[in-house]
Amino acid sequence: MNWVPGRGRPVAIPRDATPLRGRHVDARRRVAWLLRLSRLAMAPGPAVGFVHKLVSHGCVIGASTLCRYETGAEPVPASVVCAYELALGLPEGQLLGVCAGVDRMFGSGLASETSPEGMSRAMLVESLAGWEARVAGGSMRGADWVRMAEVLSQPSGLVLPPSVVRSWLGQLVAETLRSVNDAYTMRAHALGLLLGEPGISRIVLDIIEEAVAEPGAQSVTKVIALLGSSPDTAVLDWLIDRFERSTGEVQWGAAHGLLSQICRGTLPIERVPGISRGVLNAAAEGLDRGRPAFMVAQRLSADLTQQVVARLGCYPAPVVSGARVQSPAGLSAYRSAALHVSGLDDPMVDRLLREALSPDFVERRHHSSLLLAASPYRNALANAAVRMLASSAEPYVRESAAHLLTYVAGREQRHDLVGMLATVPQHRASLLVALTRCGGVPMTVDLVAMVGNPEQSRDVVYAAGMSDHPALRVFAVDAELAGSELQRTAQWWRRMGPAVTDFSQEVGADVLHTVAG
């Protein structure tokens, strides 16, 4: 069964007509595409029937408005995206978190909405009591954090004591570091809302700075990157300083934060010369600091990019033809998988696949992969990626498939992922990350035997921490690892706890064999 309507004129699928290697993307039509595809796949039948479903969930729009939203002719309000989730029976946040991320990175993805009417005193007291209890119990879901952020970020809204705000947002940042899938995109959305409020953005910055300074902390790149959505110049100054003076995950996070402002067109022009100097200085120090500098240079100017390459003495990105966004290797197999399941002529899935399979635009690769993961294509694309990783003779095809699986893999792919830990060991790091997105690494997988490989050791500890795997305790107390960064990281995970998923996940009995290094 495909998603093509049985009667009537052919369905129009939104397309992003911006140049593949252009400066901007059409964020509005990407949001429209996700909504239309979700409706076609999950609520077949005339659009008027779906309009009635939306009305039943408090979203009163007509068929013509629905058409304008789903073609990108008119930007979609976030409240309508939430109504789609309800009408389609989707988990709360599956669509909204991804759409908000596209809007946050590229701008103009969602419509601006007037501030919601203030809560009554009784409702406010009830909400505060609920949030307080759930924060204390560690049971806040992504949607809860977004509702709280919406209330706290209103210019004339609720004001809480700074100590309470700091305590609650400390919990939010700690969960964001360990969250996956919708749980992550919704917490990122909540932090994005809070970073837009001047009175709160400095508190968020302080909390992230403390989190980054924790010995052994992992995943700090993704929370630092969110700081790029803040209009606060003090936050921008912090990002520039960390980009210029730090290394590793912290520098990468700062680079992504700067990239966010560049892509959205909000980076103050007077800051560009200083950032450019910082880019060249980082490139002069070698590849470790030069790669994030190259990423920023690519978005600032072609001349700066050439200078960075000259200082590095090499081009610090894949140069094989199959890595280019114009013609990524393996594209046809994913196209075929998408066509088989949908039956649609879908130019947008082609565009998103090109970006997801190529490292040319790292920010587009990330958000395109998230869109594909939230779409009805996810399972078909994940199965295609498993086949490509297991059987392709082309190294870059396997590399791009492994990367895509870290976004689109689900429980349906777990058995294959575990098996490939042994059969495709060169991509073991990506496979472990993918497993943390779909239920965790089974207890039967021998992670201790894998940690000796320095190229994958950090990912092994990450997977152990996210999965609450028995190997984590071994890493945390092993005398041979005493004083090492790996042991500090294992101890950090034992303090923080495992992956945040917003729903109960147990390692199933479908994977019972042991995989060793």
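Residues numbered from 1 in each chain as written. Predicted model: local features only at pLDDT ≥ 70, side-chain atom pairs only at ≥ 80, totals over all residues. Heavy atoms only, no water.

### Describing the overall build of the protein chain
Operational definition: Per the convention used, a helix needs a DSSP run of H or I reaching at least four residues, while a strand needs a run of E reaching at least two, with both numbered from the N terminus. Atoms counted for the radius of gyration: C-alpha only. Globule rule: 2.2 Å times residue count to the power 0.38. The cut-offs for exposure are 20% and 50% of the maximum accessible area for each residue type, with area from a 1.4 Å probe on protein chains only; residues under the lower value are buried, those over the upper are exposed, and the others partly exposed. Working rule for contacts: check all heavy atoms of both residues, and any pair within 4.5 Å makes them a contact. His residues and chain termini do not enter the charge count, which takes Lys and Arg as positive and Asp and Glu as negative. A charge is said to be at NZ when it belongs to Lys, at CZ for Arg, at CG for Asp and at CD for Glu.
Regarding its fold elements, the protein chain presents 26 helices and 2 strands. Taking 2.2 N^0.38 as the reference for a compact globule, 517 residues should give roughly 24 Å; the C-alpha atoms of the protein chain span a radius of gyration of 23 Å, in line with that estimate. Principal-axis analysis of the C-alpha atoms places the extent of the protein chain at approximately 65 × 55 × 55 Å. Out of the 517 residues in the protein chain, the part that is buried amounts to 55%. Pairs at least 24 residues apart make up 72% of the contacts formed inside the protein chain by residues separated by at least 6 positions. Positive and negative charge centroids in the protein chain, built from 49 and 49 side chains respectively, lie 4 Å apart.

### Regarding empty space enclosed by the protein
Using the following cut-off: In this analysis the probe radius is 1.4 Å and the grid spacing 1 Å, with only protein atoms considered; a cavity is a set of points the probe fits into but cannot get out of, a pocket is an open set with protein on both sides within 12 Å along at least five of seven lines, and lining residues have an atom within 4 Å of a point. Grid points are joined across faces, edges and corners, and a volume is the space filled by probe spheres set on the points.
Taken as a whole and assessed by the stated rule, the structure comprises 1 cavity of 30 Å³ or more. What the largest cavity holds in volume is close to 30 Å³.

### Some details on the packing of aromatic side chains
Just so we agree on the cut-off: Whether two aromatic rings pair depends on their centres lying within 6.5 Å, for rings of Phe, Tyr and Trp, where Trp uses its six-membered ring; planes under 30 degrees apart make the pair stacked, over 60 edge-to-face, and the rest tilted.
What the rule picks out here adds up to 6 aromatic pairs. Relative to Tyr315, the ring of Phe294 lies with its centre 5.1 Å away and its plane at 80°, an arrangement referred to as edge-to-face. With Phe294 in helix H15 (residues 287–300) and Tyr315 in the loop between helix H16 (302–312) and helix H17 (331–342), the pair connects residues that are 21 residues apart, well separated along the chain. By relative accessible area, which is 39% here, Tyr315 ends up partly exposed. Centre to centre, the rings of Trp492 and Trp493 are 4.9 Å apart; their planes meet at 80°, and the pair counts as edge-to-face. The two residues Trp492 and Trp493 agree in class, both being buried. Through successive ring pairs, a cluster of aromatic residues spans Trp3, Trp33 and Tyr377.

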